[in-house]
Amino acid sequence: MRLSLVVSCLGPGLALLAAALWSIWPVILRLRRIPQVLVYPENKDKDALRIGILGASFIARAAVIHAADKRQDVLVTAVAARSESKAKSYAQQHRIPAFHGGATAYRELLAREDVDAVYVGLPTALHLEWTLAALNAGKHVLLEKPAVLSAEEAHQVVKTMRETQLLVFEAAHHRYHPAARRFKQLMTFGGDSEMASASFDVRFSMLDPPSLLNSIKDTLGLSVSLSSEDRRRERIKNLDRWWYCVDMLLWSTGAYEAEVVFAKEERFSISATLKLQLPNRSTTATLSMARDSWRDPFTWSISAGNRSSETSLRLQNFGFPFIWHRLDLIRNGQQTSEQLYGAGETTSRAQGLNTNWDTSAKLLDEDLLTRMLLFFLRPKPLI
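The rules behind these values
Residues numbered from 1 in each chain as written. Predicted model: local features only at pLDDT ≥ 70, side-chain atom pairs only at ≥ 80, totals over all residues. Heavy atoms only, no water. UniProt positions renumbered as here; feature names shortened; annotations may be inferred. Phe/Tyr/Trp six-rings, centres within 6.5 Å; stacked < 30°, edge-to-face > 60°. Buried < 20%, exposed > 50% of the residue type's maximum accessible area, 1.4 Å probe, protein only. Lys NZ or Arg CZ within 6 Å of the ring centre and 35° of its normal. Pairing = 2+ DSSP bridges. Helix = DSSP H or I, 4+ residues; strand = E, 2+ residues; numbered from the N terminus. Salt bridge = Lys/Arg side-chain N within 4 Å of Asp/Glu carboxyl O. Axes fitted to C-alpha atoms, helices over the stretch in contact; angles between N-to-C directions. Contact = heavy atoms within 4.5 Å. Expected span 1.5 Å × (residues − 1).

- Going by what an unreviewed UniProt entry lists, the chain is known as D-xylose 1-dehydrogenase (NADP(+), D-xylono-1,5-lactone-forming) and is assigned to Cladocopium goreaui.
- Recorded in UniProt under Catalytic activity (unreviewed entry), the annotation for the chain is "D-xylose + NADP(+) = D-xylono-1,5-lactone + NADPH + H(+)".
- In the Sequence similarities (unreviewed entry) part of its UniProt record, the chain is described as follows: "Belongs to the Gfo/Idh/MocA family."

Right under this line is the structure:
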């Protein structure tokens, strides 16, 4: 009697647990594939592209190391960090043959003859200095986004890039995933004619607990006044997330002109309404980014809607679609969904698979970058 009671109580719970595990198992498998090494350094091509890393960071693992570990034609040859012990342990952990540590570490790496290109994954405030240094040292640059802090900095990078005839490639990794490309195809290549008159909405909400706590303090009047440097740091954090909204919007729609109709920036959030000029029409777009929203702890989506035809298109989680995403198309009340994982590549690996540094690399686009920054940062420059 007692056993049957226990079974009757536990049965539904176990069934729910099994269902939950079944639904997340593919996600677990995809996450496990990220650090896998498929091609070891000794098996790389002799003419492989040789990359040096500035900054022994977590982001460098995802953006460069894990992607290079799966390619025959890319080899990470050196890493540099301000801490020699960190540089050494990082190199050992990731089978990087050379490391540099200390105050001169970055310049020592740039002087190496076995480095063709440099990944600059340092804090955004250091991007300009070390991108220019890399270009002047004769190295191509893979530059972590957001590339720079102002339109003036963008002009300096583009000017030096042209003078040295080298490439600066902004790491807009999300553009290269099959899901993002499918969304762009539907928007810009007539994949769905009812999308031709759509308006757009882009949202990026990722809850940051310290931001939420400070937001509550602000609301209660308990926060302390920020120094100018603290405010600058907060705005750089905002820019890092805001960049995704703007870049995905401009890239996927093919917009070549944008006008800010409304804009509001708070300490932990940004919202805006834009008027976009597309190749064959104009339309509107709303964008929002938040770091302190407990009501919406995670949303990373871009949507297109046509109210007159009741048609809409939405891509969820366009930033990390290799973990999970969904592309929903609703027409006449009927919804169809797509999930496009390819061979399971991360967005960074997909970026590498679809990039040829010699001929078809996406150069740092001066106009695009300037427009991105002008949305908010020109009225109140970060520098």
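Anyway, onward from the coordinates.
## Considering the packing of aromatic side chains
- Counted under the stated rule, the structure contains 10 aromatic pairs.
- Between F298 and W300, the ring centres sit 6.2 Å apart and the planes meet at 80 degrees, which makes this aromatic pair edge-to-face.
- With relative accessibility at 42%, the residue F298 sits in the partly exposed group.
- Through a chain of ring-to-ring contacts, the aromatic side chains of F204, W243, Y244, F298, W300, F318, F320 and F322 assemble into a single cluster.
- The residue whose ring lies beneath K184 is W251, and the NZ or CZ to ring-centre distance is 5.0 Å.

## Notes on the pairing of strand β10 (residues 282-290)
- Relative to β10, strand β7 (residues 199-206) is paired through six bridges, and the arrangement is parallel. From the neighbouring strand, F204 faces β10, where its bridge partner is M289.
- Pairing of strand β9 (residues 269-277) with β10, which is carried by nine bridges, proceeds in the antiparallel orientation. Looking across to β10, one finds that I270 is bridged to M289.
- Here β9 folds back onto β10 in antiparallel fashion, the turn holding four residues.

## Re the pattern of salt bridges
- Following the criterion strictly, the structure yields 18 salt bridges and no others.
- Its salt-bridge partner being D69, residue R95 comes within 3.4 Å of it at the nearest N-O pair. Here the residue R95 occupies a position in the loop between α3 (84-93) and β3 (98-101), and D69 occupies one in the loop between α2 (58-68) and β2 (74-81), the gap between them amounting to 26 residues.
- A residue is classified by how much of its surface remains accessible, and R95, at 33% relative accessible area, is partly exposed.
- With its nearest N and O atoms 2.6 Å apart, the salt bridge here joins E163 to K159. Of this pair, E163 and K159 both sit in helix α6 (residues 151-164), four residues apart, which is roughly one turn of that helix. Across the pair, K159 and E163 agree in class, each one exposed.
- A single salt-bridge network, built from bridges that share partners, covers D208, D218, E234, R267 and R291.

## Looking at the sheet that holds strand β6 (residues 168-170)
- The strand order across the open sheet formed by six strands is β3-β2-β1-β4-β5-β6, and the pairing between neighbours is parallel. The sheet is open, and its two edges are formed by β3 and β6, each paired on a single side. On average, each strand axis in the sheet is inclined to that of its neighbour by 20 degrees, with strand direction left out of account.
- Looking at chain direction, β2 and β3 are connected through four bridges and run parallel. Following the sheet pairing, A80 is matched in β3 by H100.
- Taken strand by strand, helix α5 (residues 127-136) contacts β1 (49-54), β4 (117-120), β5 (140-143) and β6, and its axis lies near 155 degrees from that of β5.

## Overview of α6
- With 14 residues, α6 ought to run about 20 Å at 1.5 Å a step, and its terminal C-alpha atoms sit 20 Å apart, in line with that.
- Taken together, the buried positions of α6 are occupied by A151, E153, A154, V157, V158, T160 and M161.
- Q165 occupies a position one or two residues after α6 and carries a positive phi of about 60 degrees.

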